[in-house]
Structures are given as C-alpha cells and as structure tokens.
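# Structure at a glance
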Amino acid sequence: MNQSNPHKLIVGNWKMNGSLAGNAALIQDLLIGWPKSQASGRVQAAVCVPSVYLTPCSGLLHHSAVDLGAQDVSAHEAGAYTGEVSAAMLRDVGVRYVIVGHSERRQYHAETDQLVAQKAQKALAVGITPVVCVGETLLERQAGQTADVVKRQLAAVIQLNGHCVSEIVVAYEPVWAIGTGQTATAEQAQEVHDLLRAQLKAAVSMHERICILYGGSMNAGNAKSLLSTPGIDGGLIGGASLKATDFLSILADAEAVSKV
Ligand code: 13P
C-alpha cells in the first residue's frame, strides 16, 4: 500500500485569480520552463483556471505539456441552470481535469457530498477526470474525526460512481492547511492517503493505482519532501501555482522525485 508512484501529477488551482494578460504571461513562462520537448512523461502538469478564461487558456496550452483544468462543473447535463457550466461544455473547450468538492465550494456554496458525487459523475460521463477534494477542518481534526470525515466524503463518490471511480483523481486537502502556510506533515498526509487508498481498493477491484494528491500550502520549499512521501502521488497547488518560478520549481521537484 505504501509504494511510491513513479508518476506524479501536479495541478495548479488558480482559484479566482488572473486576467487575460496575466494568464497569457504566466502560461508563457510555464511553457518556456516546462517545454513539451523535455517532458519525460513521468510528471503530468495541469492548471485549473477560472471558467471565463478556459477558452483563451485552452488556445495557449494547445499541444503543450500542460493540461487544462476547470475549477467546478454543474451537476446537471444541460438546461435552465443559469450561471452553470456543464461537463460537455468543459470538454468542448479542451478541459482534461475538473476540480470537484473543493472545500471552498463545500464551505461557501454549501455543496454536499452527494452533489460532489454527481459532479464527478457528470465529468466522468464526458471523459473529463474529476479531481475529487476531501479534507477535514481544524475542529474536526482536533475532535479526532479526520478519518470519518474524509471517508464519508469519498464514500459518496464511490457509491454513485461504482467502478468508474478507478478513473478519478483524489486530492486530500486538509482545510486548515489551505492558504494558511501551515502544511500537513508528511506523516499526517501519508496517514490519510493510506486510509483513502484502502477505501478505494476495497470499493473497486482494479489493478491500476488511483492517483491521490496532497493539497494545502504546498510550495517550492516543501514540495520535495511531500512529493517523496510514499502514497503522495502529486500536488494540488493554490497560491504557489500563480507564480511561474514556484510552480516550475514544484514540477522540477516532482521530476526529481519520480526518477528515484
Ligand atoms: P494553497 O496551496 O494556497 O494552500 O491552496 C491549496 C488549494 O486549495 C488547492 O486547491
């Protein structure tokens, strides 16, 4: 259960940041620092951008070594859902990954485990990989409820999606570590990753290893230690994905770690 994954996935979550000009500059720097010609294939990179910027970013990232991701998707297929963006629309503009169940959406938009599971289902139905976020709050951790919370969140996705769960990516993002500069220790992350992996293994019989990312104040200074931790298959990076040098440094660490 503890073996390291030779492949790493590094996903930037830009959250509600950026501008047309700023995104173009950031992507240009990323593509210079992470050219397709040099990509080993051991590390996959993606950036999840605000929905209004998906189309221009799709053009900029076309044929590059960085995939396009979205930050949310509707739980509905189509129709009278003002303001929502469907999975088919995301696919239409070249999206490869979509974050679902980020704690900011669970917290500020009252997204339930069931809604998150439906969003994952809609993404899977059109061939987009949902990055399913789970994580406990500080109060829940202090109350000893971490395992119960993350397992409950993941169970809803497993229950609705059955064997298709083998196609998801999971991101463990302890809420208390997001944007706080307070990263989970490698041991804390590993412990939760191990129990999520056990839950996934029990749920679906599969040979393929499901990718489990860590997110929460991962940065250029701590990425190497986190990414070399057995059971951590990559990172979901917020703040540090907004600076090309920091994101490229994390990609380089993932590359170095995946070589050993
Ligand atoms: P930070 O890396 O800014 O802590 O954000 C993590 C996160 O929420 C990624 O989805």
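Structure shown above.
Below, the structure is looked at part by part. Counting restarts for each chain, with residues numbered from 1 along the sequence as it is written. Two thresholds apply to this predicted model, a pLDDT of at least 70 for residue-level local features and 80 or more for giving and counting side-chain atom pairs, whereas whole-chain, interface and lining totals are computed over all residues. Side-chain descriptors were evaluated using all non-hydrogen atoms of the structure, hydrogens and water having been removed beforehand.

## With respect to the overall build of the protein
The criterion, for reference: Secondary structure elements are defined from DSSP: runs of H or I of at least 4 residues count as helices, runs of E of at least 2 residues count as strands, and each element is numbered from the N terminus. Computation of the radius of gyration draws on C-alpha atoms, with the globule rule given as 2.2 Å multiplied by the number of residues to the power 0.38. Using a 1.4 Å probe on the protein chains alone, a residue whose accessible area is under 20% of its type maximum counts as buried, one over 50% counts as exposed, and one in between counts as partly exposed. Note on contacts: a residue pair is in contact if any heavy atoms of the two residues lie within 4.5 Å. Only the protein chains shown count as cover for residues, and all accessible areas are computed by the Shrake-Rupley method using a 1.4 Å probe.
On a plain count of helices and strands, the protein comes out with 10 helices and eight strands. Its C-alpha atoms give the protein a radius of gyration of 17 Å, within 12% of the compact-globule value 18 Å for 260 residues. By principal-axis analysis of the C-alpha atoms, the protein measures approximately 50 × 45 × 35 Å. Every one of the 260 residues in the protein was classed for burial, and the buried ones make up 50%. Partitioning the contacts of the protein with sequence separation of at least 6, the portion at a separation of at least 24 is 72%. Summed over its atoms, the accessible surface of the protein is roughly 11,600 Å², and 53% of this surface lies on carbon and sulfur atoms.

## A look at the pairing of strand 3 (residues 66-70)
Test applied: A strand pair is defined by DSSP finding two or more bridges across the two strands. By convention, a crossover is right-handed whenever its connection, traced from the first strand over the helix to the second and viewed with the strands pointing away, goes clockwise.
By the criterion of burial, strand 3 is predominantly enclosed, with four of the five residues buried. One ladder, built from five bridges, connects strand 2 (residues 43-49) with strand 3; its direction is parallel. Looking across to strand 3, one finds that Ala45 is bridged to Val66. Regarding topology, helix 2 (residues 54-61) serves as the crossover connection from strand 2 to the parallel strand 3, and that connection is right-handed.

## A word on the pattern of salt bridges
Oppositely charged side chains are able to pair whenever their charged atoms sit close together. Convention followed: We define a salt bridge as a side-chain nitrogen of Lys or Arg found within 4 Å of a carboxyl oxygen belonging to Asp or Glu.
Summed over the entire model, instances satisfying the criterion amount to 12 salt bridges. The residue Arg105 makes a salt bridge to Asp72 at a minimum N-O spacing of 3.2 Å. Residue Arg105 is located in helix 4 (residues 103-108), and its partner Asp72 is located in the loop between strand 3 and helix 3 (87-92); the two are separated by 33 residues in the primary sequence. A relative accessible area of 24% places Arg105 in the partly exposed class. Note that Arg209 is salt-bridged to Asp233, the shortest N-O span being 2.7 Å. Residue Arg209 is found in the loop between helix 8 (186-203) and strand 7 (211-215), and its partner Asp233 is found in the loop between helix 9 (223-227) and strand 8 (234-237); the two are separated by 24 residues along the sequence. In this structure Arg209 comes out as partly exposed when scored by relative accessible area, which is 25%.

## What about the site of the ligand?
Heads up, the rule is: For this purpose, a residue is taken to be near a molecule or strand whenever a single non-hydrogen atom of the residue falls within 4 Å of it. Side-chain atoms alone can form a polar contact between residues adjacent in sequence; in general such a contact is a pair of N or O atoms within 3.5 Å, and within protein one must be able to donate a hydrogen while the other accepts it.
Surveying the vicinity of the ligand reveals the residues Asn13, Lys15, His102, Glu173, Ala177, Ile178, Gly179, Gly216, Ser217, Leu236, Gly238 and Gly239. Within the side chain of Glu173, a nitrogen or oxygen atom sits 2.9 Å from an oxygen atom of the ligand. Between the ligand and Gly239, the relevant distance is 2.9 Å, taken from an oxygen atom to a main-chain nitrogen or oxygen of the residue. In isolation the ligand offers 310 Å² of accessible surface; the protein chains occlude 94% of this area.

## Side note on the sheet that holds strand 3
Cut-off, in case you're wondering: Whenever a helix is involved, its axis is fitted only over the stretch in contact; in every case the axis is a line through C-alpha atoms, and angles between N-to-C directions fall within 0 to 180 degrees.
One closed barrel holds the eight strands; their spatial order is 1-2-3-4-5-6-7-8, and the pairing between them is parallel. Taking the axes of each pair of neighbouring strands and ignoring which way they run, one obtains an average angle of 25° across the sheet. Across the sheet, helix 5 (residues 113-125) is in contact with strand 4 (97-100) and strand 5 (129-134); its angle to strand 5 comes to roughly 160°. Along the sheet, helix 10 (residues 244-259) contacts strand 1 (8-13), strand 2 and strand 8; its crossing angle with strand 1, the most-contacted strand, is approximately 165°.

## Structural notes on the environment of Gly18
Inspection of the secondary structure assignment puts Gly18 in the loop between strand 1 and helix 1 (20-33). Sequence spacing of Gly18 and Val100 is 82 residues, and the spatial spacing of their C-alpha atoms is 20 Å. Not counting the four nearest positions on each side in its chain, Gly18 is found in contact with Asn23 and Tyr53.

## Examining the packing of helix 1 against helix 10
Between two packed helices, what matters for the description is the angle formed by their axes and the separation of those axes. Selection rule: Roughly parallel means an angle under 35 degrees; roughly antiparallel means over 145; roughly perpendicular covers 65 to 115; every other angle is labelled oblique. For any helix crossing, the convention is left-handed if the near helix is rotated counterclockwise from the far helix by under a right angle, and right-handed if that rotation is clockwise. When residues are sorted by character, Ala, Val, Leu, Ile, Met, Phe, Trp, Tyr, Cys and Pro go into the nonpolar class, Asp, Glu, Lys and Arg into the charged class, and all the rest, Gly among them, into the polar class.
The geometry of helix 1 relative to helix 10 is characterised by a closest axis approach of 9 Å and an angle of 30° between their N-to-C directions. Put simply, helix 1 runs roughly parallel to helix 10. By crossing handedness, the relation of helix 1 to helix 10 is classed as right-handed. Across from Leu26, Asp29, Leu30 and Gly33 in helix 1, the residues of helix 10 making contact are Ala244, Phe247 and Leu248. Considering only residue class, the contact of helix 1 with helix 10 consists of five nonpolar, one polar and one charged.

## Digging into the nonpolar core
Rules: Side-chain atoms within 4.5 Å are what join buried Ala, Val, Leu, Ile, Met, Phe, Trp, Tyr and Cys residues into a set we call a nonpolar core.
Formed by 66 residues in total, the largest nonpolar core has its most connected members in Ile10, Ile168, Val170, Leu196 and Tyr214. Broken down by element, this core gets its largest block of residues, seven residues, from helix 10.

## Description of helix 1
Put simply, the test is: By this rule, a helix spans an expected 1.5 Å times one less than how many residues it contains.
Taking 1.5 Å of rise per residue, the 14 residues of helix 1 would be expected to cover 20 Å, and the 20 Å separating its terminal C-alpha atoms lies within 8% of that figure. The inward-facing, buried residues of helix 1 contact strand 2, helix 2 and helix 10.

Read these as spatial facts, not as claims about activity.
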